[in-house]
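Remarks on the overall topology
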Amino acid sequence: MTHLTGGSPRLVIFFYELIARDNFEDLEKVFFKILDEHTPYYREIFQLLTGQKRLIFDTIISSESPMTPKQIAEKSRIDASTVITQLRRLEKDGYVLSRPAGRETFYEVRERLFRLWRDMRQPLGRNRISVFLDFLKLWYTSEEQKEIKKITSNESLEIVNTLKLVEAYLSLDKVVEAITEIELVKSKIVDQEPYLIEEFINLCWKIIFKELIIKNLGSGKKHINIVFDLKSRLKKRNI
């Protein structure tokens, strides 16, 4: 997950929404829908990058494997010293990652999903990705698909995934979405393992602080009550 998303909370949400779908047959449709929804974000990145920096970044994205500064310079037709300078800036700004390997340093886009988005925008791009998604569906037998559904229906795993989603929403200041997800597991959390309950409480406190900052006192008070009610139930359970 980290390898594909570059550690982006936004993309963690993307993949949660993707893998949470029950019907594997709808995977391709859902994939394109969510990827299309990210088009404004990726377009904005290209608009922020200008001149040589954009060309270098596009060169890296278009490559199927990490590239050395020399390879980037040759393909983009930009002087090698300029490429190295711009690569350092791109890495500092969080667009690319550098990976030393012996005497060479290879560069790749931080969010590999960005490359899929770019491929999808190229001629025949959707066909290429369709083949890839078909392969993923064929990789799992019908029995394996059923087993995956059994695993993902496990209540504790559902709660773990929901709490991760809440944390990702909060990191993006999407408090309304975080509250919506918290509500889904509120009634189930008291019967879970202590570490999950603790995580739930910590996320509630984050919601409380964010709501109080914007003076949404009703919501803040509501979640304070949830925290204290949960602590009270835990205390009774441990007696």
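Shown above is the structure to which this text applies.
Residues numbered from 1 in each chain as written. Predicted model: local features only at pLDDT ≥ 70, side-chain atom pairs only at ≥ 80, totals over all residues. Heavy atoms only, no water.

1. Examining the side chain of Ser 219
Here Ser 219 shows up in helix H14 (residues 217-238). With relative accessibility at 12%, the residue Ser 219 sits in the buried group. Reaching out from Ser 219, the side chain makes a polar contact with the side chain of Glu 211 at a distance of 2.6 Å. Apart from the residues within four sequence positions on either side, Ser 219 is in contact with Ile 179 and Glu 211. (Helix = DSSP H or I, 4+ residues; strand = E, 2+ residues; numbered from the N terminus. Buried < 20%, exposed > 50% of the residue type's maximum accessible area, 1.4 Å probe, protein only. Polar contact = N/O pair within 3.5 Å; in protein donor to acceptor, adjacent residues only side chain to side chain. Contact = heavy atoms within 4.5 Å.)

2. A word on the packing of helix H11 (residues 155-171) against helix H12 (residues 175-185)
In contact at an axis separation of 8 Å, H11 and H12 are set at 160° when each is read in the N-to-C sense. On the basis of their axis angle, the class for H11 and H12 is roughly antiparallel. In the packing of H11 onto H12, the handedness of the crossing is left-handed. In contact with Ile 159, Thr 162, Leu 163, Leu 165, Val 166, Tyr 169 and Leu 170 of H11, H12 contributes Glu 177, Ala 178, Glu 181, Ile 182 and Val 185. Each residue belonging to the contact of H11 with H12 can be placed in one class, and the counts come to 9 nonpolar, 1 polar and 2 charged. (Axes fitted to C-alpha atoms, helices over the stretch in contact; angles between N-to-C directions. Parallel < 35°, antiparallel > 145°, perpendicular 65-115°, else oblique. Left-handed = near helix turned anticlockwise from the far one by under 90°. Nonpolar A, V, L, I, M, F, W, Y, C, P; charged D, E, K, R; others polar.)

3. Quick notes on unusual backbone geometry
Residue Arg 77 is not a glycine yet carries a positive backbone phi of 60°. Relative to the helices and strands, Arg 77 resides in the loop between helix H6 (69-76) and helix H7 (80-92).

4. Topic: the pairing of strand E2 (residues 104-109)
For a regular strand, side chains alternate in direction, first toward one face of the sheet and then toward the other. Looking at chain direction, strand E1 (residues 96-101) and E2 are connected through 6 bridges and run antiparallel. For Pro 100, the partnering residue across the bridge sits in E2 and is Thr 105. As consecutive antiparallel partners, E1 and E2 are separated by 2 residues, and within that stretch Gly 102 has a phi angle of approximately 65°, a positive value. (Pairing = 2+ DSSP bridges.)

5. Some thoughts on the nonpolar core
Residues Leu 163, Ile 182, Ile 189, Phe 200 and Leu 230 are the most contacted members of the largest nonpolar core, which totals 25 residues. Those elements giving two or more residues to this core turn out to be H11, H12, helix H13 (194-213) and H14. Ranked by the residues each element gives to this core, the list is headed by H13, at 8 residues. Here Ile 182 is in contact with Leu 163, Val 166, Phe 200, Leu 203 and Ile 207, once residues within four sequence places are set aside. Counting residues in each nonpolar core, the second largest holds 22 residues, with Tyr 42, Ile 61, Ala 73 and Leu 87 among its members. (Core = buried A, V, L, I, M, F, W, Y, C linked by side-chain atoms within 4.5 Å.)

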